[in-house]
Amino acid sequence: MWVHPDGDSHYTGIEALRYRTSNNGGTGWGHWQTGGTLVHVDGGVDEPGPSRIRQLADGTYQLFYLDDSHINLATGTDGVNFQVQVIGLLDVVEILPISNIVQMMDFAVVDVEGQDWFYFTYCGTSAKPQCQDSRIAVSRPFNDSDLTITKSVIPTTVTSGDPLTYTLTFSNAGRAVATDVVITDIVPITLTNLTFTHSGATITPTGGTTYSWQVADLLPKVGGVITITGLVSPLLTHDSHFTNTALITSTTVDTDTTSNKAKVGLTVNTPRLVMKKTVIPTDVTYHRQVTYTLVLTNNGTANAINTLVTDTLPLSTTFARWVTQPTGASVSSGQITWNGMVTAGKAITCTFVADYIGDYNDVVTNVAKYGHISSNGSAEATFTVGFAPPDPIDQVYLPTIMKSETILAAPDLIVDSLIAASNVVTVVIKNIGNAPVTDAFWVDVYLDPNPAPTGVNQPWWQLSSQGLVWGVTESIPVSGTLTLISGGRYYSEKHSHFSGTLASGTEVWAQVDSVNLNTSYGGCWSVTSAITSKGQSFPGPLWRVRECYHCPTGGSHVL
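Residues numbered from 1 in each chain as written. Predicted model: local features only at pLDDT ≥ 70, side-chain atom pairs only at ≥ 80, totals over all residues. Heavy atoms only, no water.

Quick look at the overall build of the protein now. A tally of helices and strands in the protein yields 2 helices and 38 strands. Relative to its 559 residues, the protein shows a buried fraction of 45%. Residue pairs in contact within the protein that sit at least 24 positions apart in sequence constitute 65% of those at least 6 positions apart. Here the protein has roughly 27,000 Å² of accessible surface; of this, 53% comes from carbon and sulfur atoms. (Helix = DSSP H or I, 4+ residues; strand = E, 2+ residues; numbered from the N terminus. Buried < 20%, exposed > 50% of the residue type's maximum accessible area, 1.4 Å probe, protein only. Contact = heavy atoms within 4.5 Å. Areas by Shrake-Rupley, 256 points an atom, 1.4 Å probe, with all protein chains shown as cover.)

Dropping the structure here:
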């Protein structure tokens, strides 16, 4: 600790320093070397004062000189030209009792049993007017370099293809020059287009390692900044977290190696795109319509910006109309195109209707594709077209001859009621004929059809974007009824497309015995079918019913 000549203790600084005091001046302080010879420090002419030069046993010289309030150390080989080694070897303000000092007169450096001691002479206040009575000595502290490096990255969270910037700040916080300094920063291999700039101390890339630099000898309190820029590889397709470390080393003794390395983390979020394509129905009537739905989902943690979707229709189909057209979607020359952003955790849906214009007995496959900087993919949907029906001339229809008084025994199906609620549709079918229903038949419900159904073999997908289908296979006795509920018995998920809710004002139509590709009267031979020529039926009573859900007029309408 610091000890005042009068014995008062004031110093509370670095405990590694040792001090001596004396009230006896003169030769007892050791061999003083006075003077103020002009010397060159770091190539410049300097006239330090006061200063002390001494020659060591190996023939080299040390220059101790006062610069403002610090004692600095420089070394040389000829006693005239010196290079600074330690800035602030001693802080005179911390050592001397400033409150009692009028002027610091001189100092000496003395080897005491192998240790350097600094002896200061200063003039005190009026209470101590004689400078030789104000003496103090302090041991030379250990003086090493203290290299430090810090590292940061902006931004800390990125996605594939994003730019980023690493910043490395380094310095020598010690009191001695650091020599043979090397900085190493091995950046992740997932970064591309890397470049660097620097300021401050001179650095030279060593080559072979990204990155490694040789740094010029660092004087105390000297440093620099290195800036590395690059891009996150667009080929990175999975979320990642990278931590990389920058390291600074030297052959000079370092007082604190904990500050010689710095690490920083980088989180990479990526989009994960999945495409799904469906077609309804999968069994198509000759020259009828199909509804395609294309869903592109982003299951990743980053938005998929500038994503391109293309869907080229097969030659046997033509675009009819949009059902769901997202912003940015268009159609031209039989190709659906969409370009935009798929938000993380969201999906883009395209739904459209196409006309089949090909032949019988066909299998039609449609492939949609998507492209993004992170990935590419595709999805397909297939429907089949049935065989051509037999020529009517080969068919026999009974009864071919009948008398007017003949009473036919046949079923006759009607839609007895149609009830549309917000999330369920109920259809009641009734047999008003004089024979039970023994044939299977279809029931179609149309949601906002355009145009409205007018006859048999008009499945819902030809007339509307949503619809429900039941395939009934049970017998219905005379005057018997059958209640069909969306999602219930006989409901065909495969042939239906229903969001599950009905908006106010939705027109709901129902048709019983609606489809049979091989006949013009449906699947069930009925009274109205039997009394027509060659089986060509005409609509019987209540064969189709319309209801408007939450319309002002309300109720069902028999057509």
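Text resumes after the structure shown.
Time to look at the side chain of Ser 496. Among the secondary structure elements, Ser 496 is positioned in the loop between strand E35 (481-485) and strand E36 (507-512). Take Ser 496: its relative accessible area is 7%, and that puts it in the buried class. At a separation of 2.9 Å, a polar atom in the side chain of Ser 496 contacts the main-chain amide nitrogen of Val 469. From its side chain, Ser 496 meets the backbone oxygen of Ser 492 in a polar contact 2.6 Å long. (Polar contact = N/O pair within 3.5 Å; in protein donor to acceptor, adjacent residues only side chain to side chain.)

With that settled, the discussion passes to the sheet that holds strand E14 (residues 181-185). Read across the open sheet, the 6 strands follow the order E12-E20-E19-E14-E17-E16; overall the sheet is mixed. Every interior strand has two partners, whereas the edge strands, strand E12 (157-159) and strand E16 (203-205), have only one. When strand polarity is set aside, the average angle formed by the axes of neighbouring strands in this sheet is 25°. (Pairing = 2+ DSSP bridges. Axes fitted to C-alpha atoms, helices over the stretch in contact; angles between N-to-C directions.)

This next bit is on unusual backbone geometry. A cis amide bond links Ile 154 to the next residue, Pro 155, at an omega of -10°. Examined against the element boundaries, Pro 155 turns out to sit in the loop between strand E11 (147-154) and E12. With an omega dihedral of 5°, the bond running from Asn 450 to Pro 451 counts as a cis peptide bond. Among the secondary structure elements, Pro 451 is positioned in the loop between strand E33 (441-447) and strand E34 (466-472). Of note, Tyr 490 is a non-glycine position whose phi angle comes to about 70°, a positive value. Residue position: Tyr 490 is located in the loop between E35 and E36.

The nonpolar side chains of a soluble globular protein tend to be buried with one another. Core analysis: the largest hydrophobic core is formed by 30 residues, its most contacted members being Tyr 166, Leu 168, Phe 170 and Ile 183. Among the elements of the structure, E11, strand E13 (163-172), E14, strand E17 (212-215), strand E18 (223-232), strand E19 (240-249) and strand E20 (261-269) are those that each provide at least two residues to this core. Ignoring anything within four residues of it in the chain, the contact list for Leu 168 reads Ile 149, Thr 150, Lys 151, Ile 183, Asp 185, Trp 213, Gly 224, Val 225, Ile 226, Ile 228 and Ala 246. In this structure, Ile 429, Trp 470, Leu 482 and Tyr 491 belong to the second largest nonpolar core, which totals 25 residues. (Core = buried A, V, L, I, M, F, W, Y, C linked by side-chain atoms within 4.5 Å.)

Okay, the environment of Gly 88 next. For Gly 88, the location among the structural elements is in strand E7 (residues 81-91). Of the residues examined, Gly 88 reaches a relative accessible area of 10% and is grouped as buried. Remark: the alpha-carbon pair of Gly 88 and Ser 69, spanning 19 residues in sequence, is separated by 8.5 Å. With residues up to four places along the chain from it excluded, the contact list for Gly 88 reads His 70, Ile 71, Asn 72 and Arg 175.

As summarised here, the arrangement of the 6 strands in space is E22-E30-E29-E24-E27-E26, forming an open sheet in which the pairing is mixed. Since the sheet does not close on itself, it has two edges, and those belong to strand E22 (283-284) and strand E26 (329-332), each with one partner. Examined bridge by bridge, strand E24 (residues 304-312) and strand E29 (residues 362-371) share 4 bridges and lie antiparallel to one another. Each residue of the ladder has a partner; that of Leu 308, found in E29, is Gly 371.

Moving on, we come to the environment of Asn 434. Looking at the element boundaries, Asn 434 is found in the loop between strand E32 (425-431) and E33. Considering only alpha carbons, one finds Asn 434 and Pro 477, 43 residues apart in sequence, at a separation of 8.8 Å.

Now for the pairing of E14. Across the two faces of E14 the burial differs, with Val 181, Ile 183 and Asp 185 buried and Val 182 and Thr 184 not buried at all. Two elements, E14 and E19, share 4 bridges in a ladder whose sense is antiparallel. Looking across to E19, one finds that Val 182 is bridged to Thr 249.

Once that is clear, we can look at the packing of aromatic side chains. Applying the stated criterion across every chain yields a total of 10 aromatic pairs. A centroid spacing of 5.8 Å and a plane angle of 35° characterise the contact between Phe 319 and Phe 352, whose relative ring orientation is tilted. With Phe 319 in strand E25 (residues 317-324) and Phe 352 in strand E28 (residues 347-356), this pair connects stretches of sequence that are 33 residues apart. When its relative accessible area of 23% is taken as the criterion, Phe 319 is described as partly exposed. Assessed through its relative accessible area of 1%, Phe 352 is described here as buried. (Phe/Tyr/Trp six-rings, centres within 6.5 Å; stacked < 30°, edge-to-face > 60°.)

Our next topic: the pairing of E7. Side-chain direction in a regular strand flips from residue to residue, so the side chains alternate between the two faces of the sheet. In the sheet, strand E6 (residues 70-76) pairs with E7 via 5 bridges, with the strands oriented antiparallel. Directly across from His 70, in E7, lies its bridge partner Asp 91. What sits between E6 and E7 in their antiparallel hairpin is a turn of 4 residues, with Gly 79 showing a positive phi close to 80°.

Counted by the stated rule, this structure contains 5 salt bridges. Salt-bridge contacts for Asp 185 lead to Lys 151; the nearest nitrogen and oxygen are separated by 2.8 Å. In this pair, Asp 185 sits in strand E14 while Lys 151 sits in strand E11, placing the two residues 34 residues apart along the sequence. Here the two residues Asp 185 and Lys 151 agree in accessibility, since each one is buried. Its salt-bridge partner being Arg 489, residue Glu 474 comes within 2.6 Å of it at the nearest N-O pair. Of this pair, Glu 474 sits in the loop between E34 and E35 while Arg 489 sits in the loop between E35 and E36; the two residues are 15 residues apart in sequence, bridging distant segments of the chain. Overall, the relative accessible area of 24% leaves Glu 474 in the partly exposed class. (Salt bridge = Lys/Arg side-chain N within 4 Å of Asp/Glu carboxyl O.)

Bringing the confidence of the model for the protein into the picture now. Put simply, the protein has an average pLDDT of 78, and 74% of its residues get 70 or more. Taken element by element, the protein is modelled with least confidence in strand E38 (residues 556-558), mean pLDDT 39, and with most confidence in strand E27 (residues 335-342), mean pLDDT 96. Ignoring residues within four places in sequence, the model shows residues 391-405, a span with pLDDT below 50, making 8 contacts including any to other chains. Across residues 527-544, confidence stays below pLDDT 50; counting only partners more than four residues off in sequence or on other chains, it has 48 contacts. (pLDDT = per-residue confidence, 0-100.)

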